[in-house]
Amino acid sequence: MTAPKTPGWLDWHADPSTPRFRLPPGTVDAHCHVFGPQAEFPFAPERKYTPCDASKEQLFALRDHLGVSRNVIVQATCHGADNSAMVDAVRASGGRARGVATVRPEVSEAELRELDAAGVRGVRFNFVRRLVDAAPHEALSTIARKIAPLGWHVVLYFEAADLPELAGFFGSLPAPLVVDHMGRPDVRKPVDDPEFGRFLRFVERNDVWVKVSCPERLSVSGPPALHGERHAYTDVVPFARRVVTEFEDRVLWGTDWPHPNLTDHMPDDGLLVDYVPRIAETPALQRKLLVDNPMRLYWPGETA
Ligand SMILES: O=C(O)c1cc(C(=O)O)oc(=O)c1
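Everything numeric here is computed off the predicted structure, so don't read it as measured data.

Asks: Would you mind going over the overall build of the protein chain in detail, with residue names and values included?
Replies: From N to C terminus, the protein chain includes ten helices and eight strands. Taken against the 2.2 N^0.38 rule, which gives 19 Å for 304 residues, the C-alpha radius of gyration of the protein chain at 18 Å falls within 12% of a compact globule. Each of the three principal axes of the protein chain carries a C-alpha extent, and together these read 50 × 45 × 40 Å. Across the 304 residues in the protein chain, those meeting the buried criterion constitute 58%. Pairs at least 24 apart in sequence give 76% of the contacts found in the protein chain among residues at least 6 apart. Entry remark: accessible area of the protein chain is about 12700 Å², with carbon and sulfur atoms responsible for 51%. Separation of charge centres in the protein chain, based on 35 positive and 41 negative side chains, amounts to 2 Å.

In structure tokens:
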């Protein structure tokens, strides 16, 4: 028995276009997920949504179609702290994927070492209320202390408005920090609004890595990456461009495939690739964003 999808669920784009922008060789998609397949890897009882299936084979097919070389597969909240689907995908990639896991504070050193051997390099802490029940900071600190000796990092997912109350806690964590989706700025505000300024200062002070991902989720006025649109998500561009130019050595890019919980539209992933040169405008910035930075974080010592 498999659970039905959340009503209104949008499935990933079945026929993405071929990008016009040629990704540089060695490009890493540093933020993507697998869902199930549910029949093989059931979703977690505590999940807040039930998605469509999005298997490792389908992820790897998209990787090849887009011209991506490697993936970082981030544990999706619909799988809770059961990392088996993500780990199965990372193991099946032949070294071309790394993973970011969700673990509980009681996780043992042996379990962490097994995840590390499989290719996991970080844990994700999620503060987005519609996705997870709140976790006490003490429990998260315990996890951070356990993973730090492995050289892992902590991936943080939060909404911009919550940063003031979370920043002190984030700064206390004993591991490198990576922020998902630019800390989810409100793009209706100007790029030099104090709220985004606060985020940029947080990044600066704590040497934070930033994923300039998810324009499709952050955009308010679009236009969506569909039907050959050449200027998708124009309202998000100034925010991403600002982060890419200020922190060129600590920015990462990812597709966010299979795009959980979008309710408005499902982007054409080929057009999401075509968005990249609008936020990283020179070949040098593109190479750092797409290849050099993610390689340093996830495949240190290896050449692309
Ligand atoms: O793990 C998830 O469930 C998840 C959800 C969302 C979102 O709904 O915003 O974004 C993500 O990057 C990952």
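Next comes the rest of the description.
Asks: Tell me about the UniProt feature "domain: Amidohydrolase-related" (unreviewed entry) in the protein chain, residues and numbers included.
Replies: UniProt records the feature "domain: Amidohydrolase-related" (unreviewed entry) for residues 28–298 in the present numbering. Secondary structure within residues 28–298 divides into 38% helix and 13% strand; the distance between the first and last C-alpha atoms comes to 10 Å.

Asks: Requested: an account of helix α8 (residues 237–246), with residues and values cited.
Replies: Of all the positions in α8, only V237, F239, A240, V243 and V244 are classed as buried. For α8, the arc enclosing every buried residue in end-on projection is 165°, short of the 170-degree limit, so these residues lie on one face. Check the buried side of α8 and you find it contacts α6 (194–205), β7 (209–211), β8 (251–252), α9 (269–279) and α10 (283–298).

Asks: Give a description of the site of the ligand that names residues and reports values.
Replies: As a matter of local geometry, the ligand sits amid 15 residues, with Y49, T77, R130, Y157 and N261 nearest to it. A distance of 3.3 Å separates an oxygen atom of the ligand from a polar atom in the side chain of D256. When isolated, the ligand has an accessible area of 330 Å², and the protein chains bury 100% of it. Across the shell around the ligand, the residue classes tally to five nonpolar, five polar and five charged.

Asks: Lay out the nonpolar core in plain terms, naming residues and giving numbers.
Replies: In terms of nonpolar packing, the biggest core is built from 102 residues, with F125, V154, L156, F170 and F199 touching the most fellow members. A per-element tally of this core places α10 first, with seven residues.

Parameters and conventions
- Residues numbered from 1 in each chain as written.
- Predicted model: local features only at pLDDT ≥ 70, side-chain atom pairs only at ≥ 80, totals over all residues.
- Heavy atoms only, no water.
- Helix = DSSP H or I, 4+ residues; strand = E, 2+ residues; numbered from the N terminus.
- Rg over C-alpha atoms; globule rule 2.2 N^0.38 Å.
- Buried < 20%, exposed > 50% of the residue type's maximum accessible area, 1.4 Å probe, protein only.
- Contact = heavy atoms within 4.5 Å.
- Areas by Shrake-Rupley, 256 points an atom, 1.4 Å probe, with all protein chains shown as cover.
- Lys, Arg positive; Asp, Glu negative; His and termini not counted.
- Charge placed at Lys NZ, Arg CZ, Asp CG, Glu CD.
- UniProt positions renumbered as here; feature names shortened; annotations may be inferred.
- Arc of directions from axis to C-beta.
- Near = heavy atom within 4 Å.
- Polar contact = N/O pair within 3.5 Å; in protein donor to acceptor, adjacent residues only side chain to side chain.
- Nonpolar A, V, L, I, M, F, W, Y, C, P; charged D, E, K, R; others polar.
- Core = buried A, V, L, I, M, F, W, Y, C linked by side-chain atoms within 4.5 Å.

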